[in-house]
Amino acid sequence: MEVDLSPKLAKKVYGDNGGSYHAWSPSELPMLREGNIGAAKLALEKNGFALPRYSDSSKVAYVLQGNGVAGIVLPESEEKVLAIKKGDAIALPFGAVTWWYNKEDTELVVLFLGDTSKAHRAGEFTDFFLTGSNGIFTGFSTEVVSRACDLDENAVKAFVGNQSSNGIVKLDENFEMPEPKKEHRFGMAFNCEEAPLDVDIKKGGRVVLLNTTVLPMLGEAGLGGDLVRLDGSAMCSPGYSCDSALQMTYIVRGSGHVQVVGVDGRRVLESTLKAGNLFIVPRFFVVSMIASPEGMDWFTVITSPNPTFTQLAGRTSVWKALSPSVLQASFDVDADTEKLFRSKRTSEAIFFPPPN
């Protein structure tokens with residue numbers, strides 16, 4: 001596979017007063033197009049309002065920073081108004097209409113990672129706005145909108161023409177948006193930073209899994225994921241997705257180093273990582289990461305709602321499952337060397353602390 005896998009930063013697509021929208025381009029990150037996946041990021045200033053829209057792609061939204069409010073309307077359902085905060089993951093299946101609002105001083109930043117296999121352009125999300133200068137109604141004639149909404153011509157011109165902004169607006173300080181309802185979070189959002197840990201290795205790292213057990217709507221989106229926090233100088237065991245899933249990994253905090261090995265044992269990526277980077281691991285390729293002394297956190301979305309991984313180190317690795325004679329023959333080593341290899345990394349850890 002001769003595709004550039006180098007980590008990339010998002011670039012601004014639109015926005016000014018109220019916030020901005022950023023995306024990763026398939027021209028710079030070719031695996032987006034190759035894997036039919038997309039990635040984008042929304043940043044809202046205080047009183048910033050992302051206008052209602054729906055997308056041609058299923059996604060997972062992950063709140064990277066701040067607190068805010070999200071409105072979600074699933075097909076043939078009533079609006080859900082959710083209070084959202086840092087660490088929240090939200091599954092957004094096809095057809096969901098969403099809006100986003102920030103009423104706090106701290107910037108609200110939301111990451112979107114998802115599947116573009118049914119999108120208009122491979123590797124890119126296309127949003128269809130319900131209002132604004134590029135809203136759906138701007139393309140229809142006044143007569144069509146008038147008859148569809150049972151409005152007179154003047155009312156139609158106000159509804160279609162008054163909102164001259166594109167995608168994001170800044171609301172007046174005193175404008176009252178809908179208040180979120182606590183019960184609306186149930187089944188819609190899952191906070192990865194407050195959830196019980198699925199893996200916790202002292203001086204190694206911690207993992208919270210994102211699957212249909214904790215967020216059933218991921219099944220509709222066809223996506224899963226995890227939040228990983230790697231301690232300073234610790235290592236994440238080499239491993240691969242064994243159910244043909246792609247991995248989209250965004251570096252949330254800190255920095256480190258990544259290696260990816262693909263077909264014929266060829267190292268296809270070796271790179272430093274920093275906060276804001278996104279990189280993609282192709283199907284069945286093996287990835288391992290080492291954190292810098294400051295540690296490193298990352299959020300990964302996987303193109304399977306309940307992904308399965310195989311580790312190549314530790315007690316649960318495939319090596320420990322194979323017969324001793326198979327290992328001897330495979331590596332062309334004697335019994336003592338095989339025993340030495342098997343005796344190492346006897347814990348179930350997938351994270352390894354730095355050497356003493």
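Residues numbered from 1 in each chain as written. Predicted model: local features only at pLDDT ≥ 70, side-chain atom pairs only at ≥ 80, totals over all residues. Heavy atoms only, no water.

Draft legend 1. Inspection of the overall build of the chain at higher detail. Along the backbone of the chain there are seven helices and 23 strands. With the C-alpha coordinates of the chain rotated into their principal frame, the extents come out at 90 × 35 × 35 Å. Taking all 356 residues of the chain together, 48% fall into the buried category. Within the chain, counting contacts between residues at least 6 apart in sequence, those at least 24 apart form 73% of the total. Here the chain contributes 35 positive and 43 negative side-chain charges, whose respective centroids are spaced 6 Å apart. (Helix = DSSP H or I, 4+ residues; strand = E, 2+ residues; numbered from the N terminus. Buried < 20%, exposed > 50% of the residue type's maximum accessible area, 1.4 Å probe, protein only. Contact = heavy atoms within 4.5 Å. Lys, Arg positive; Asp, Glu negative; His and termini not counted. Charge placed at Lys NZ, Arg CZ, Asp CG, Glu CD.)

Draft legend 2. Highlighting the nonpolar core. In this structure, W100, C192, L210, F279 and F299 are the most contacted members of the largest nonpolar core, which totals 81 residues. Listed in part, the nine residues of the second largest apolar core include F49, L51, V81 and L171. (Core = buried A, V, L, I, M, F, W, Y, C linked by side-chain atoms within 4.5 Å.)

Draft legend 3. Fine view of a nonpolar patch on the surface. Where nonpolar side chains cluster on the molecular surface, the patch consists of L130, I136, F137, F140 and V144 and spans about 400 Å² of accessible area. Among the secondary structure elements, V144 is positioned in helix α2 (residues 142-149). (Patch = residues over 30% accessible without salt bridge, like charges linked within 9 Å, V, L, I, M, F, W, Y side chains within 5 Å. Areas by Shrake-Rupley, 256 points an atom, 1.4 Å probe, with all protein chains shown as cover. Salt bridge = Lys/Arg side-chain N within 4 Å of Asp/Glu carboxyl O.)

Draft legend 4. Up close: the state of the cysteines. According to the stated counting rule, one finds zero disulfides in the structure shown. No disulfide involves C242; its sulfur sits 15 Å from the nearest other cysteine sulfur, which is in C236. (Disulfide = S-S within 2.5 Å.)

Draft legend 5. Structural detail: the environment of E2. Assignment of secondary structure puts E2 in the segment before β1 (11-14). In this structure the C-alpha to C-alpha distance between E2 and V268, which are 266 residues apart in sequence, comes to 8.4 Å.

Draft legend 6. Structural view of the pairing of strand β7 (residues 80-85). Note that strand β6 (residues 67-73) and β7 share six bridges and pair antiparallel. In the sheet register, I72 faces β7, and the bridge partner there is K80. Count of turn residues in the β6/β7 antiparallel hairpin: six residues, of which E76 carries a positive phi of about 60°. (Pairing = 2+ DSSP bridges.)

Draft legend 7. Spatial organisation of the pattern of salt bridges. One pass over the structure, following the stated rule, counts 17 salt bridges. One salt bridge in this structure joins D127 and K59, with 3.4 Å as the shortest N-O distance. Here K59 lies in strand β5 (residues 58-65) and D127 lies in strand β11 (residues 127-129), a separation of 68 residues in the sequence. Considered together, D127 and K59 belong to a single accessibility category, that of buried residues. Between K85 and E194 there is a salt bridge whose closest N-O contact spans 2.7 Å. Remark: E194 occurs in the loop between β13 (189-191) and β14 (199-201) and K85 occurs in strand β7; sequence separation between them is 109 residues.

Draft legend 8. Geometry of the environment of T98. As for its position among the elements, T98 is in strand β9 (residues 97-101). Spatially, the C-alpha atom of T98 lies 33 Å from that of C242, the residues being 144 residues apart in sequence. For T98, the contacting residues outside a window of four places in its chain are L51, P52, R53, G71, I72 and L92. In terms of polar contacts, T98 uses its side chain to reach the side chain of W100, at 3.3 Å. (Polar contact = N/O pair within 3.5 Å; in protein donor to acceptor, adjacent residues only side chain to side chain.)

Draft legend 9. Local environment of the packing of helix α6 (residues 324-331) against helix α7 (residues 335-343). Following both chains from N to C, one finds α6 and α7 inclined at 110°, their axes separated by 9 Å at the closest point. Taken together, the axes of α6 and α7 lie roughly perpendicular to each other. When the axes of α6 and α7 are compared, the crossing they make is right-handed. Along its contact with α6, which presents P324, L327 and Q328, the element α7 presents A335, E338, F341 and R342. Of the residues assigned to the contact of α6 with α7, the class counts are four nonpolar, one polar and two charged. (Axes fitted to C-alpha atoms, helices over the stretch in contact; angles between N-to-C directions. Parallel < 35°, antiparallel > 145°, perpendicular 65-115°, else oblique. Left-handed = near helix turned anticlockwise from the far one by under 90°. Nonpolar A, V, L, I, M, F, W, Y, C, P; charged D, E, K, R; others polar.)

Draft legend 10. Just the side chain of H184, in detail. Examined against the element boundaries, H184 turns out to sit in the loop between β12 (168-170) and β13. Excluding its chain neighbours within four sequence positions, the residues that come into contact with H184 are E79, K80, V81 and L82.

Draft legend 11. Molecular detail of the pairing of β6. Among the seven residues in β6, five count as buried, and that is most of the element. Here five bridges tie β6 to β9, and the two strands are oriented antiparallel to one another. In the sheet register, I72 faces β9, and the bridge partner there is T98.

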